[in-house]
Amino acid sequence: MTVPAEAGPVEPDAALGERLVGIRHAIADAAAAAGRSADDLSLIVVTKFHPASLLRRLHALGVTQFGENRHQEAQSKAAELADLGATWHFVGQLQSNKAKAVRAYADVIHSIDRTSVVDALAVAEAPVDVFIQLNLTDDPNRGGIDDAGLEPLVERALAADGLRLLGVMAVAPLDEEPRRAFARVRAASERVQALAPDADRISAGMSHDFAEAILEGATHLRIGSAITGNRPAPG
Ligand SMILES: *Cc1c(COP(=O)(O)O)cnc(C)c1O
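What counts and what doesn't
- Residues numbered from 1 in each chain as written.
- Predicted model: local features only at pLDDT ≥ 70, side-chain atom pairs only at ≥ 80, totals over all residues.
- Heavy atoms only, no water.
- Buried < 20%, exposed > 50% of the residue type's maximum accessible area, 1.4 Å probe, protein only.
- Helix = DSSP H or I, 4+ residues; strand = E, 2+ residues; numbered from the N terminus.
- Arc of directions from axis to C-beta.
- Contact = heavy atoms within 4.5 Å.
- 1 Å grid on protein atoms, 1.4 Å probe; cavity = no way out; pocket = protein on both sides within 12 Å on 5 of 7 lines; lining within 4 Å.
- Points joined across faces, edges and corners; volume = space filled by probe spheres on them.
- Core = buried A, V, L, I, M, F, W, Y, C linked by side-chain atoms within 4.5 Å.
- Axes fitted to C-alpha atoms, helices over the stretch in contact; angles between N-to-C directions.
- Parallel < 35°, antiparallel > 145°, perpendicular 65-115°, else oblique.
- Left-handed = near helix turned anticlockwise from the far one by under 90°.
- Nonpolar A, V, L, I, M, F, W, Y, C, P; charged D, E, K, R; others polar.

When you look at helix α4 (residues 96-103) in this model, what are you seeing that I'm missing?
Since the α-helix packs 3.6 residues into each turn, any two residues three or four apart lie on the same face. Listing the buried residues of α4 in full gives Ala99, Val102 and Arg103. End-on view of α4: buried residues confined to an arc of 90°, all on one side of the axis. In α4, the exposed residues that point more than 90 degrees away from the buried face are Asn97 and Lys100. Tucked into the core, α4 has its buried residues touching α3 (71-80), β3 (87-90), β4 (108-112), α5 (115-121) and β5 (128-133).

How should the layout of surface pockets be read in this particular structure?
Where empty space is left in the structure can be found by rolling a water-sized probe over the atoms. Taken as a whole, the largest pocket spans an internal volume of roughly 730 Å³. Lining the largest pocket are 29 residues, with Lys48, Val171, Ala172, Met206 and Arg222 sitting closest to its centre.

How should I be thinking about the nonpolar core in this particular structure?
One recurring pattern in soluble globular proteins is that nonpolar side chains are buried together. Formed by 65 residues in total, the largest nonpolar core has its most connected members in Ile27, Ile109 and Leu134. Here this core takes 6 residues from helix α1 (residues 13-33), the largest share from any one element. Residues in contact with Ile27, not counting those within four places in the same chain, are Leu41, Leu43, Phe210, Ile214, Leu221 and Ile223.

Is there a simple way to think about the packing of helix α6 (residues 150-159) against helix α7 (residues 178-195) in this case?
Any two packed helices are characterised by the angle at which their axes cross and by the distance between the axes. The N-to-C vectors of α6 and α7 enclose an angle of 40°; their axes lie 10 Å apart at closest approach. One way to sum up the angle between α6 and α7 is to call them oblique. Between α6 and α7 lies a crossing of right-handed hand. Contacts between α6 and α7 involve Leu150, Glu151, Val154, Glu155 and Leu158 from the former and Ala188, Arg191, Val192 and Leu195 from the latter. Residue composition of the contact of α6 with α7, by class: 6 nonpolar, no polar and 3 charged.

Okay, structure coming up:
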């Protein structure tokens, strides 16, 4: 698959840089409000649907961690931008038949939500960092493990070679106050830590709810449009 060419004139780097600085400040403010250090927060800029040229511009502005949600697009960007030495986060839904291919370029996979994916990633290679994705809705078609499945999936991940469990990941439902949703994520994180004390990271918080996520303990923020501007249509 080819990554779509930049649509329309390239906006000046100043605008992109200003949004990035603005978000970095807002993250620092939210961390201060939560009594936390901004140094404990990782900013992942989610660049899905944007051309590789935008990632290059972000990298020139100091961004080193990129998030992508579609396998082929992520794979081609990681190959095209290999010279950047960036950290690649896969945040999209993951099928077990694609898991090995994603593992080949992704440094961190945020969307482990079933045992078949754990099993597909459990290969005798350097471990890949993973998050278990929680489904905070009642809709089983949404990505993520349901509440009852959490501990069994953690046990499976801990028993597997080839992956290192960092913690839990979630997307706040549209119909719930984000702070409340992220409080549920924090509770799930505590359940995971009861089994895996080192798996204390939380991937949560997007353009419109990262401040609430930081208040509830998020460590990995996945922020897209507030930095990149509107996404082009998927290619
Ligand atoms: C697109 C996406 C994001 C970023 O969303 P924004 O609202 O643009 O910040 C974060 N996480 C996941 C899983 C996504 O798919």
